[in-house]
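Examination of the molecular architecture
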Amino acid sequence: MQQNKMMSSIVGVSLLALVLSGGAWAFVPTGGGASSHVSITQSAVLKKVTEVCRAIAQLEGQDFIHPGDSVEEIVHACLGPTAIGEVSAAKFKSSLNEIYEQHPLVDRDFVDSPQHHFNSELFAQGRNLITSEVYSIKVIVRAKNFQAARETLGRVLHTLQDFYSHSNWVDLGYTQPYINLLRPDLPLENLADFKTPTCKDCTNGGFCPNSLLPDILRKKKLTSGYMGISSKFKPNGKCSHGGAADLTGLEIPWGGISKDERRPDNEALHNTAITLATTASLQLLDDIRGAAGDNDFLRLMGVARSSVLAFVIDTTGSMSDDIAEAERMVNQIIDSTQGTQDEPSLYILVPFNDPEFGPLIRTTDPNVMKAEVDKLTAHGGGDPPEMCLSGLQLALTGAPASSHIYVFTDVAAKDISLKDTIVALIRSTKSTVSFFITDGGASRRRRRRSVDMFDIYRDLALVSGGQAIRVSKANLPQATGIIADSSTSALVTVLQRARNPGKPETFSFQLDESLTNITIYITGNTVAFTLKNPAGVTQTETEASGKLGTVQKVGNLYRIRLASNKQTGLWEINMNSNQPYTLKITGQSTIAFIHDFVESFGGPHPGYAPISGRPESGVPAILLVSVLGKKGPASFKISDVALVTVSGSEVVGGILEGMGNGDFLVTVTKVPAGEFVVLLNGTDLVSSTLFQRQSTTQMSVSKVTIRAVVDRTMEPGKAFTLPFFVISDSTGGTYKINARNDKDFTMNYPTSVMVGTGGNATANLTITAPANTESGTDITLTIEAVAPGSVDSNYVVLRLSVVTKVTDFTPPQCEVVNVSAVDCPADPVFCNASFWQLSANLTDGVNGTGIATLKSRQGVGSLTHTDLKQMFVAAYFNASCCSRTVELVAVDNAMNVGTCLHSLPSITTSAAPSTAPSSGPPTAPSSGPPTAPSTTPSSGPPTAPSTTPSSGPPTAPSTAPSTAPSTAPSSAPSTTPSSGPPSLTLSLPLWFCLLVSALPVYHPGTY
């Protein structure tokens, strides 16, 4: 039934929603104010990222310089302002958009699924969605599949935030988030049952203040509004969500309790809902941080240098020279970029042979990459072609979006049937693929076949914005300099064009002050050119070293490096060739842009949604363009955005609408025919110079649309059914269906579907992960629909994750048993010479999965502990008196997180230190429904083992506590709801912090 509703929502109406800061969905910004899902998520993410980066800087003994709150300034502060080179925020912004765009997809795909929005009083079901997806995120992050984790994170944040807008939580007067939504081990209590009336009529039939029944408010009963998209049914006396699209609001009692919009009757409640949704999002993010660790948490958020070094290498017998050159290039880039902003954040290697290809090797350790490349040997082959595209498919699905991938081969591809899949993956990921094709020493027959297949490599390179370079094996080292050129964290494209057949033509391009390391690449067999700067100075291809730069010719590649004293302004390059050629101009700059094609939608929360696949033909194209500058949106001004044909001269401008925060909505009424890219022009306000930027990935429109919804994770050994929908705006008939996944898991699907003229068809694909599939495995699935006669086609690219079910939801418990700080001086000048020590006991309980990791954060010191495999673990933390706070973070094997936080007083005297636990989110909100106390041990207090820490004694001058840790539990806390967040202050040398909360602690005033 739910599946039919979901299908109807997709096929019937385009209920899609892209997260735009001015869009309309769920939290609707009406009358000003930050009240959309994206603004709430953005606020929480940027605050948490800033907090984590500051903590890392503190641990490294560095200052955290944070001049502003733009994504550009935050990523620059996080990646280290002292490192050499420019810092691009493109990866960070792209990753944030991957999270943001999930908000509308929840509204689209699950518009009539109340548990996804906490509608219709489905609190248990909504919490199950949150807790299961949070666990999935932790597992997927552990497997380093960050994009899939980001998509899941966006969905779960949407559901969590909807609770505060769609329920009566804030109406009941609560000022803290409901922590039990993130704690499946705690009960959901004081819920209004199905038969209990909850609302009274709004006399005007819409929204009104005080629509909740007095008895509900007095008894603090938790309820939420019912939402009807296709039916007006709701139980007698129940509240409605409200709004024009909610049919239940037309039934008695009339009106609604939603706080999505800011209205005169609910402004205070709306503002409180925003505050609590933001705080709850921070809590969820901190829980994921605790399980992932700070470094992987930042990678999840996209805070990493943009450069990725990705090689796909043919290892057949004739490739020994190419492998040696690839190894030399890897070593050179690693050694030359170490400690700079150009140091790659990720290394990827995919070998291929015949019939074998892979495995995908993915690492952040440069030494591992060196070792893996060193292991490659040339062997086998002799019967070309080889499995080149299969290896490239692994790289495209394993690399982050917008990566630069380099393929080394000397023969044609055997698996040319993968070409359309490769094109879909290139367009989906916006990655750039370049080919180095060597032919020295090959047989005449092999060279002829290579000539025939060169067109495939050239086509793939062109659609991605890369190059297909043909060169002898002896000259390969001269050509691979292009790899070093693109191994930068701030690479941008100024211009890219292609002509086939070639013709004489002059291309102009704008160079701005921010551009450095400007390089022009020309591929073609017979090409002449003349380069001219704004002052009229020229240089031709025959001048290896001229007034404008240096020219290098190798194989079919010209590489022109402009002199560092280049002039800003309008340049020209005159190309003269009748043979096919490509032209590409790149440089380094912090001024960049990212874009997505979107489409408008109607429904309860109208707005815009990302398009998976090619945009629809016959209608205006709409783009969301995010522009990045050195210091955020205040550092640039955009003049125009256009669609440009790469192989032609058509330029179609769009209508700009500013959305704030550097985002623009661009509408192009007439889309160019054929393949096109996005061209952006503007002014750099920092240098007062005009700039030009261009996207690299080519796109085109289609009359075919294919859609599918991923609503859950896969389980090992179990079949996963995925409905998909083919929609046609052209002549009907039999549409061919192709599907591939990068793990080669078994799939069943119809090879064709019948689609009527202007109609649609529904089908199912079933995919099964083997029973031994590792939890956290990421699968990239591509489904393609081909129109009759192969005159048109479209695709959808989906990410699926395999996650093993978990039954342990109780976090480790932590008990601080002793704090020794009598030597800390009152004068902070002398703090480095004195030390303090904390000892704690931890356990995951009798029924737990066991503690997997134990780390410290919010403190600079030394942590030692006993064997984590034991039931009870003793931990000892030593630090100088300059570092007065420590938080112990224990993660069990089910990814539950438990913490202990302790802070010394700001001024230490001979008296015992304050041992107040942090004032985290209450397990029983003010006057709220009673909850199980979070500090009750599940099986008695943990006891410190009698053994010494496994990693040695504490390194600070003070030794382990002279007294054995006490094992007597403190008195149980009262479960009576308090009038506000709990606050406990003790003045004891011995205190307990037993934590059963899976959530980290929220510190008021620090966000």
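Here we summarise the structure given alongside this text. (Residues numbered from 1 in each chain as written. Predicted model: local features only at pLDDT ≥ 70, side-chain atom pairs only at ≥ 80, totals over all residues. Heavy atoms only, no water.)

1. Considerations on the overall build of the chain
Along the chain, the regular secondary structure elements total 17 helices and 39 strands. Considering only residue pairs separated by 6 or more positions, the chain has 74% of its internal contacts joining residues 24 or more positions apart. By element, 52% of the accessible surface of the chain is carried by carbon and sulfur atoms, the whole surface being about 37,200 Å². (Helix = DSSP H or I, 4+ residues; strand = E, 2+ residues; numbered from the N terminus. Contact = heavy atoms within 4.5 Å. Areas by Shrake-Rupley, 256 points an atom, 1.4 Å probe, with all protein chains shown as cover.)

2. Digging into the environment of Asn764
Looking at the secondary structure, you find Asn764 in strand E30 (residues 760–768). Judged by relative accessible area, Asn764 falls into the partly exposed class, the value being 37%. Each C-alpha atom of the pair Asn764 and Asn748 lies 8.4 Å from the other, and the pair is 16 residues apart in sequence. (Buried < 20%, exposed > 50% of the residue type's maximum accessible area, 1.4 Å probe, protein only.)

3. Considering the sheet that holds strand E35 (residues 851–857)
Read from one edge to the other, the open sheet built from three strands follows the order E35-E38-E39, with strand pairing classed as antiparallel. Each of the sheet's edge strands pairs with one partner strand only, and the pair in question is E35 and strand E39 (897–903). With direction set aside, neighbouring strand axes in the sheet form an average angle of 15°. Where strand E38 (residues 885–892) lies against E39, seven bridges are found, and the strand directions are antiparallel. Note on E39: the bridge partner recorded for Val889 is Thr899. (Pairing = 2+ DSSP bridges. Axes fitted to C-alpha atoms, helices over the stretch in contact; angles between N-to-C directions.)

4. Some thoughts on the sheet that holds strand E31 (residues 777–786)
Strand order across the open sheet formed by four strands is E29-E27-E31-E32, with antiparallel pairing between neighbours. What marks the edges here is a single partner per strand, and that holds for strand E29 (752–755) and strand E32 (793–802). Direction aside, the axes of adjacent strands within the sheet are offset by 25° on average. Bridging between strand E27 (residues 733–741) and E29 involves four bridges; their strand directions are antiparallel. By the bridge assignment for E29, Thr734 is matched with Met754. Strands E27, E31 and E32 of the sheet are contacted by helix H14 (residues 419–429), whose axis makes an angle of about 75° with E32.

5. Digging into the pattern of salt bridges
What the rule picks out here adds up to 44 salt bridges. A salt bridge links Asp354 to Lys414, with the nearest nitrogen and oxygen atoms 2.5 Å apart. Residue Asp354 is found in the loop between strand E2 (346–352) and strand E3 (361–363), and its partner Lys414 is found in the loop between strand E4 (404–409) and H14; the two are separated by 60 residues along the sequence. The exposure class assigned to Asp354 is buried, which follows from its relative accessible area of 15%. By relative accessible area, which is 39% here, Lys414 ends up partly exposed. It is possible to trace a salt-bridge network through shared partners that takes in Lys48, Glu51, Asp286, Arg289, Asp294, Arg857 and Glu887. (Salt bridge = Lys/Arg side-chain N within 4 Å of Asp/Glu carboxyl O.)

6. Comments concerning the state of the cysteines
Applying the stated criterion across every chain, the model contains five disulfides. Cys814 shares a disulfide with Cys900; S-S distance 2.0 Å. Taking the torsion about the sulfur-sulfur bond, which here is approximately -130°, the covalent link between Cys814 and Cys900 counts as left-handed. In this pair, Cys814 sits in strand E33 (residues 813–820) while Cys900 sits in strand E39, placing the two residues 86 residues apart along the sequence. This pair shows no difference in class: Cys814 is buried, exactly as Cys900 is. Paired through a disulfide, Cys831 and Cys882 show a sulfur-sulfur distance of 1.8 Å. On the S-S bond that ties Cys831 to Cys882, the torsion sits near 85°, and the link is right-handed. Of this pair, Cys831 sits in the loop between E33 and strand E34 (835–843) while Cys882 sits in the loop between strand E37 (872–880) and E38; the two residues are 51 residues apart in sequence, bridging distant segments of the chain. A relative accessible area of 9% places Cys831 in the buried class. (Disulfide = S-S within 2.5 Å.)

7. Concerning unusual backbone geometry
Residue Pro253 is reached from Ile252 by a cis peptide bond, and omega for that bond is -5°. Relative to the helices and strands, Pro253 resides in the loop between helix H8 (214–219) and helix H9 (267–292). Of the consecutive residues Gly358 and Pro359, the connecting peptide bond is found in the cis state with omega at 5°. One can find Pro359 in the loop between E2 and E3.

8. Notes on the pairing of strand E24 (residues 689–694)
Of all six residues making up E24, five are buried, and the element is well covered by its neighbours. Where strand E23 (residues 676–684) and E24 come together, six bridges link them in antiparallel fashion. Of the residues in E24, the one forming a bridge with Asp684 is Thr689. Turn length for the E23-E24 hairpin, with the two strands adjacent in sequence and antiparallel, is four residues, and the turn residue Ser688 shows positive phi of about 60°.

9. Some details on the packing of helix H4 (residues 90–100) against helix H7 (residues 146–166)
At a minimum axis distance of 7 Å, the contact between H4 and H7 shows a crossing angle of 45°. In this view, H4 runs oblique relative to H7, as classed from their interaxial angle. Residues Ser95, Glu98 and Ile99 of H4 pack against Gln147, Arg150, Glu151, Leu153, Gly154 and Leu157 of H7. (Parallel < 35°, antiparallel > 145°, perpendicular 65-115°, else oblique.)

10. Observations concerning helix H3 (residues 71–79)
Among the nine residues that make up H3, eight are buried, leaving the element largely enclosed by the rest of the structure. Looking at the buried positions of H3, the neighbouring elements they touch are helix H2 (37–59), H4 and strand E18 (621–628). Downstream of H3 by a residue or two, Gly80 has a phi angle that is positive, lying close to 100°.

11. Here we look at the side chain of Lys566
Summarising the element assignment, Lys566 is placed in the loop between strand E13 (557–562) and strand E14 (569–576). Glu513 provides the closest opposite charge to the buried, unpaired Lys566, separated from it by 5.0 Å. Among the polar contacts listed, one links the side chain of Lys566 to the backbone oxygen of Leu515, at a separation of 3.0 Å. Excluding residues within four positions of it along the chain, Lys566 makes contact with Asp512, Glu513, Leu515, Ile518 and Trp571. (Lys, Arg positive; Asp, Glu negative; His and termini not counted. Polar contact = N/O pair within 3.5 Å; in protein donor to acceptor, adjacent residues only side chain to side chain.)

12. Quick word on the nonpolar core
One finds Val49, Phe92, Leu153, Tyr164, Leu284 and Met301 to be the most contacted residues of the largest nonpolar core, which totals 74 residues. At the level of secondary structure, the elements contributing two or more residues to this core comprise H2, H3, H4, helix H6 (123–142), H7, H9, helix H10 (294–301) and E38. Setting aside its immediate chain neighbours within four residues, Phe92 contacts Leu46, Val49, Val71, Ile74, Val75, Met301, Gly302 and Val303. (Core = buried A, V, L, I, M, F, W, Y, C linked by side-chain atoms within 4.5 Å.)

13. Here's the deal with the packing of H4 against helix H5 (residues 102–109)
Two quantities define a packed helix pair, namely the angle between the axes and the distance from one axis to the other. Taken N-terminus to C-terminus, the directions of H4 and H5 make an angle of 20°; their axes are 5 Å apart at the nearest point. Taken as axis vectors, H4 and H5 run roughly parallel relative to one another. Of the residues in H5, those touching H4 at Glu98, Ile99 and Tyr100 are Gln102, His103 and Pro104. A class-by-class count of the residues in the contact of H4 with H5 yields three nonpolar, two polar and one charged. (Nonpolar A, V, L, I, M, F, W, Y, C, P; charged D, E, K, R; others polar.)

14. Describing helix H13 (residues 388–398)
Of all the eleven residues making up H13, eleven are buried; the element is thus mostly covered by neighbouring parts of the structure. Of all the positions in H13, only Cys388, Leu389, Ser390, Gly391, Leu392, Gln393, Leu394, Ala395, Leu396, Thr397 and Gly398 are classed as buried.

15. Topic: the pairing of E18
Burial runs high along E18: eight of the eight residues are buried. Where burial is concerned, the two faces of E18 agree: the one with Ala621, Leu623, Val625 and Val627 and the one with Ile622, Leu624, Ser626 and Leu628 are both buried. Sheet analysis places strand E16 (residues 592–601) next to E18, joined by seven bridges and oriented antiparallel. Looking at the pairing, Asp596 lines up with Leu624 of E18. Relative to strand E22 (residues 663–668), E18 runs antiparallel, the two being bridged by six bridges. Counterpart to Leu624 in the pairing with E22 is Leu665.

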